[in-house]
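The residues making up each chain are set out below.
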Amino acid sequence: MHLLNDTLASVYATTHSTLTQLPVEEAASMIITFAGGATAEISVAWAVNQPASQTGTSCRLSGETGAIDVYTPQGPTIFRGFDDRGESKQTPMKQPKLAGHAALMRHFKECISGKTAPITGGQTGVVWMEIMEAIYRSAESGKVVRL
C-alpha cells in the first residue's frame, strides 16, 4: 500500500498444506491488483522445498524502469537497463548502518519516547486485516475477491 500509494482492487490467492501434518498453511501465493493498474505478486512460505541458502526469504520489487531483489547474499541489488548480452545490469545497494529487527526496535523506542511519529497508524492495520480476510476468502473459494 505505501509502496504503490494506491488502493486495492482485487485479490486472488491459493494456500498449500502438503509437506507437514500441521493444521496450518505452509505456503500461500497471491496476486493483488490495485485501482491504478499495478499488480503485486506475493508468495510466502515457512515450509518449502528450496536451497538452504535461501532461508525462506525472498523479496523482489519490479517496476517499469527496474527491479530490486531485497534479500540476496550481497544485500539488496538493483536491476536496471541491459548490457550488450541483453542481461539486466546489477547494482548492489549501499546497506544501512542499522537494518532489520534492530532498526524496527530503534524506531519503536523513538516513537514511545516521543522523538518521532509512527510510520503508519491504526487505519493501516485495518486495511491489512481487510487484505488478509480477502486472501483467505479467495483461497477458500478459488475465486478472485474484489475489494
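For clarity, every value in this text was computed on a predicted model and none was experimentally measured.

*Asks:* How would you summarise the sheet that holds strand β7 (residues 88-92) if you had to cite specific residues and measurements?
*Replies:* Sheet strands pair by backbone hydrogen bonding; their relative direction is either parallel or antiparallel. Strands sit in the order β4-β5-β6-β7 across an open sheet of 4 strands; the sheet is antiparallel. The strands lining the two open edges of the sheet, one partner per strand, are β4 (60-62) and β7. Here the strands of the sheet are splayed against their neighbours by 20° on average, with no regard to which way each runs. Pairing geometry for strand β5 (residues 67-69) and strand β6 (residues 77-82), over 3 bridges, is antiparallel. The residue bridging D69 from the neighbouring strand is T77, located in β6.

*Asks:* Quick one: what's the story with helix α2 (residues 122-141), residue by residue and with numbers?
*Replies:* With 20 residues, α2 ought to run about 28 Å at 1.5 Å a step, and its terminal C-alpha atoms sit 29 Å apart, in line with that. Turning to α2, its buried residues number three or more, namely T124, V127, I131, A134, I135 and S138. All buried residues of α2 lie within an arc of 105° about the axis, which places them on one face of the element. Opposite the packed face of α2, turned more than 90 degrees from it, sit the exposed residues G122, M129 and E140. Lining the buried residues of α2 we find β1 (8-16), β2 (27-34) and β8 (145-146). Looking one or two residues beyond α2, the residue adopting positive phi is G142, at roughly 75°.

Calculation notes
Along each chain, residue indices are assigned from 1 in the same order as the chain's sequence is written. Whole-chain, interface and lining totals are the exception, using all residues; otherwise, since this is a predicted model, local features are given only for residues with pLDDT of at least 70 and side-chain atom pairs are given and counted only at 80 or more. For the side-chain quantities, the full set of heavy atoms in the structure was used; hydrogens and water were omitted. We call two strands paired when DSSP finds no fewer than two bridges between them. Helix and strand assignments follow DSSP, with helices taken as H or I runs no shorter than four residues and strands as E runs no shorter than two, numbered in order from the N terminus. Only the stretch in contact is used when fitting a helix axis, every axis being a line fitted to C-alpha atoms; angles between N-to-C directions are given from 0 to 180 degrees. Helix span is expected to be 1.5 Å times the residue number reduced by one. Each residue is placed in one exposure class: buried if its accessible area under a 1.4 Å probe, protein chains only, is under 20% of its type's maximum, exposed if it is over 50%, and partly exposed if it falls in between. Arc, as used here, means the arc of the directions from the helix axis to the C-beta atoms. Whether two residues touch is decided by their heavy atoms; if any such pair falls within 4.5 Å, the residues are in contact.

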